[in-house]
Amino acid sequence: GAVVSQHPSRVICKSGTSVKIECRSLDFQATTMFWYRQFPKQSLMLMATSNEGSKATYEQGVEKDKFLINHASLTLSTLTVTSAHPEDSSFYICSLSGVGSAYEQYFGPGTRLTVT
Amino acid sequence: EDQVTQSPEALRLQEGESSSLNCSYTVSGLRGLFWYRQDPGKGPEFLFTLYSAGEEKEKERLKATLTKKESFLHITAPKPEDSATYLCAVQFMDSSYKLIFGSGTRLLVRP
């Protein structure tokens, strides 16, 4: 498998501020990364697909101007939650694909965002 | 509409009591079905990928099987450390490689 890290693991911010979450592939060059959101006791919902060097593809209902994704290198993708509100509080998880089988995805440890 | 349904929602077992988790899907053009384990507050941990009906994979006390409509995750003689949420996900036969997850089964194994 692949080793994926996320930073920070937890963040608390005030309503109206922006927060950046980093997702790093430590041992693999990933051309594609994915960002998911998970609310308490619910499953993972895909937010967007991040491709290195190109614009991210967002799922229906996800505001691309609110959730900015930058995949500037083969080992780093960032998710910025702009003008965060309490309803954005969630567990954000990234994954990457292409390790071994191109179809398998390996996930990071997640970032818990709390907006007060 | 493509759907992934997992059952039961929650399962309590005594240590050593074998059981099975179910993942049924209605997806046109399935590339693969994936099983993950998720512990509280952590990201999913990859377990298995199944690509075709009849395929089986094993890892320690876990065995995953796949038919044309569903997948089972069999847990043999579980231990308390097997307690977790088990997620299944499907991937379409397109170029996106994205995963669509079921709602998960929360497993509790009591000593």
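This write-up is about the structure you can find in this document.

Details of the layout of surface pockets
Taken as a whole, the largest pocket spans an internal volume of roughly 470 Å³. Forming the boundary of the largest pocket are 21 residues, of which Gln-38, Lys-41 and Gln-42 of chain A together with Gln-38 and Thr-85 of chain B lie nearest the centre. Elements that contribute at least two residues to the lining of the largest pocket include exactly β9 (84-92) and β11 (105-110) of chain B. In terms of residue count, β9 of chain B provides more of the lining of the largest pocket than any other element does, three residues in total.

Let's talk about the interface of chain A and chain B
The interface of chain A with chain B comprises 18 residues on the first partner and 20 residues on the second. For the interface between chain A and chain B, the tally reads one salt bridge. With a closest N to O distance of 3.0 Å, Lys-98 of chain B and Glu-59 of chain A form a salt bridge. Taken together, the connections running from chain A to chain B amount to seven residue pairs in polar contact (both at pLDDT 80 or more). Among the elements of the structure, β4 (32-38), β9 (90-97) and β10 (105-107) of chain A are those that each provide at least two residues to the side of chain A that touches chain B. Residues of the side of chain A that touches chain B, tallied by class, amount to 11 nonpolar, five polar and two charged.

About the criteria used
- Each chain carries its own residue numbering, running from 1 in the direction its sequence is written.
- The lettering of chains begins at A and the numbering of ligands begins at 1, in the order of writing.
- Where totals are concerned, whole chains, interfaces and linings use all residues; where local detail is concerned, this predicted model gives features only for residues with pLDDT of at least 70, and gives and counts side-chain atom pairs only at 80 or more.
- To obtain the side-chain values, all non-hydrogen atoms of the structure were included, while hydrogens and water were left out.
- Buriedness for pockets is judged along seven lines, at least five of which must meet protein on both sides within 12 Å for an open set on the 1 Å grid over protein atoms alone, while cavities are sets there where a 1.4 Å probe fits but cannot get out, and lining residues have an atom within 4 Å of a point.
- Grid points are joined across faces, edges and corners, and a volume is the space filled by probe spheres set on the points.
- The way it works is that DSSP assigns letters per residue, a run of H or I at least four long becomes a helix, a run of E at least two long becomes a strand, and they are numbered from the N terminus.
- Contacts are assigned to residue pairs with any non-hydrogen atoms lying within 4.5 Å of each other.
- Salt bridges are defined as contacts in which a side-chain nitrogen from Lys or Arg sits within 4 Å of a carboxyl oxygen from Asp or Glu.
- Polar contact is the term for a pair of N or O atoms within 3.5 Å; when the atoms are in protein, one must be able to donate a hydrogen and the other to accept it, and sequence-neighboring residues count only if both atoms are side-chain atoms.
- Any residue outside Ala, Val, Leu, Ile, Met, Phe, Trp, Tyr, Cys, Pro, Asp, Glu, Lys and Arg is labelled polar, Gly included; the first ten of those are nonpolar and the last four are charged.

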